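Listed below are the residues making up each chain.
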Amino acid sequence: MTLGTRAQISETGAGLPIDHLGIAVVHLESAVPLWERSLGTLASPAEEVPSQKVRVRFLTVGESHLELLEPTSPEATIAKFLEKRGEGLHHIAFQVSDLRAKLSELSKAGVRLIDEAPRQGARGRWVAFAHPSSFGGVLTEFVSDRPGGGA
Ligand code: ZN
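Residues numbered from 1 in each chain as written. Predicted model: local features only at pLDDT ≥ 70, side-chain atom pairs only at ≥ 80, totals over all residues. Heavy atoms only, no water.

**Structural notes on the overall build of the protein**
Next, step 1: For the protein, the helix and strand inventory stands at three helices and eight strands.
Next, step 2: Going residue by residue from the N terminus, the α and β elements of the protein occur as β-α-β-β-β-α-β-α-β-β-β.
Next, step 3: Its C-alpha atoms give the protein a radius of gyration of 16 Å, within 12% of the compact-globule value 15 Å for 151 residues.
Next, step 4: Principal axes of the C-alpha set define a box for the protein whose edges measure 50 × 35 × 25 Å.
Next, step 5: In the protein, buried positions account for 39% of the 151 residues.
Next, step 6: Contacts spanning at least 24 positions in sequence make up 56% of the contacts within the protein whose residues lie at least 6 apart.
Next, step 7: Within the structure as shown, the protein displays about 8500 Å² of accessible surface, and the carbon and sulfur contribution to it stands at 54%.
Next, step 8: The averaged location of the 18 negative side-chain charges in the protein is 4 Å from the averaged location of its 16 positive side-chain charges. (Helix = DSSP H or I, 4+ residues; strand = E, 2+ residues; numbered from the N terminus. Rg over C-alpha atoms; globule rule 2.2 N^0.38 Å. Buried < 20%, exposed > 50% of the residue type's maximum accessible area, 1.4 Å probe, protein only. Contact = heavy atoms within 4.5 Å. Areas by Shrake-Rupley, 256 points an atom, 1.4 Å probe, with all protein chains shown as cover. Lys, Arg positive; Asp, Glu negative; His and termini not counted. Charge placed at Lys NZ, Arg CZ, Asp CG, Glu CD.)

**Observations regarding the domain arrangement of the protein**
Next, step 1: Annotation of the protein at the domain level lists domain 1 (16–90) and domain 2 (96–151).
Next, step 2: At the interface, twelve residues of domain 1 touch 15 residues of domain 2.
Next, step 3: Together, the buried faces of domain 1 and domain 2 total about 970 Å²; carbon and sulfur atoms form 51% of this surface.
Next, step 4: Sorting the residues of domain 1 by area buried against domain 2 places Leu16, Asp19 and Gln52 first, and these three jointly supply 40% of that buried surface. (Domains from an automatic or database assignment. Buried area = accessible area lost by both parts, 1.4 Å probe.)

**With respect to the environment of Phe142**
Next, step 1: Topologically, Phe142 is positioned in strand S8 (residues 139–144).
Next, step 2: When its relative accessible area of 4% is taken as the criterion, Phe142 is described as buried.
Next, step 3: Considering only alpha carbons, one finds Phe142 and Glu63, 79 residues apart in sequence, at a separation of 16 Å.
Next, step 4: Every residue in contact with Phe142, bar those within four places of it in the chain, is listed here: Leu16, Phe94, Val96, Leu99, Lys102, Leu106, Trp126, Val127, Ala128, Ala130 and Phe135.

**Some thoughts on the coordination of the zinc ion**
Geometry reference: four tetrahedral donors at a metal, ideal angle 109.5 degrees. Six octahedral donors, ideal angles 90 or 180 degrees.
Next, step 1: Within the protein, the zinc ion binds to His20 (NE2), Glu67 (OE), His91 (NE2) and Glu141 (OE); these donor distances fall in the range 2.0 to 2.2 Å.
Next, step 2: Around the zinc ion sit four donor atoms, and with donor-metal-donor angles ranging over 87 to 176° the site reads as irregular.
Next, step 3: Counting gaps between the donor residues of the zinc ion yields the pattern H-x46-E-x23-H-x49-E. One end of the pair, His20, is in strand S1 (residues 18–24); the other, Glu141, is in strand S8, and 121 residues separate them in sequence. Here the two residues His20 and Glu141 agree in accessibility, since each one is buried. (Donors = N, O, S within 2.8 Å, 3.2 Å for Na, K, Ca; no water. Tetrahedral: all angles 85-135°; square planar, octahedral: opposite > 155°, others 65-115°.)

**A word on the side chain of Glu141**
Next, step 1: Arg123 provides the closest opposite charge to the buried, unpaired Glu141, separated from it by 6.9 Å.
Next, step 2: Within the local environment of Glu141, its side chain forms a polar contact with the side chain of His91, the two groups lying 2.9 Å apart. (Salt bridge = Lys/Arg side-chain N within 4 Å of Asp/Glu carboxyl O. Polar contact = N/O pair within 3.5 Å; in protein donor to acceptor, adjacent residues only side chain to side chain.)

**Brief notes about the sheet that holds strand S6 (residues 119–120)**
Next, step 1: Pairing within the open sheet is mixed, and its eight strands lie in the order S2-S3-S4-S1-S5-S8-S7-S6. Bordering the open sheet on either side are strand S2 (47–49) and S6, each of which pairs with just one other strand.
Next, step 2: Bridge analysis of strand S7 (residues 126–130) against S8 gives five bridges, and the strand direction is antiparallel. Pairing of Val127 across the sheet is with Val143, part of S8.
Next, step 3: Packing against the sheet, helix H1 (residues 28–39) makes contact with S1, strand S3 (54–61) and strand S4 (64–71), and its axis sits at approximately 0° to S3. (Pairing = 2+ DSSP bridges. Axes fitted to C-alpha atoms, helices over the stretch in contact; angles between N-to-C directions.)

Put into structure tokens, the structure is as follows:
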């Protein structure tokens, strides 16, 4: 399987839905209240994601979410991001149905992947990141309920 050719891509297709936007914060619990009050919604309880060395809380925004991320270790990539760039937008996550198949498609199309295989993310879901150099400087995550079968 390869990425859709121009002819295969529907002009009216909605594309992949944005699952969430990831925002790096220094202190999760100090960041959350302003977001909650501003958006009129409560954040999910904090969840630790050991594979990424972060603690996260999600806020529902329409059909998507914000993911606030706080590092749990100085070695976390989020900690390095905060050190270099400060708080701010960290990544965009798209929802896919078959994560392994998507990674295989992207890899064949020459996309530089950070994760060659799905790994366990927050909310019991499977995630994989692609390198910002392949997506205009934006760290891009793909998320699925299942790891998927792949191609
Ligand atoms: Zn994320």
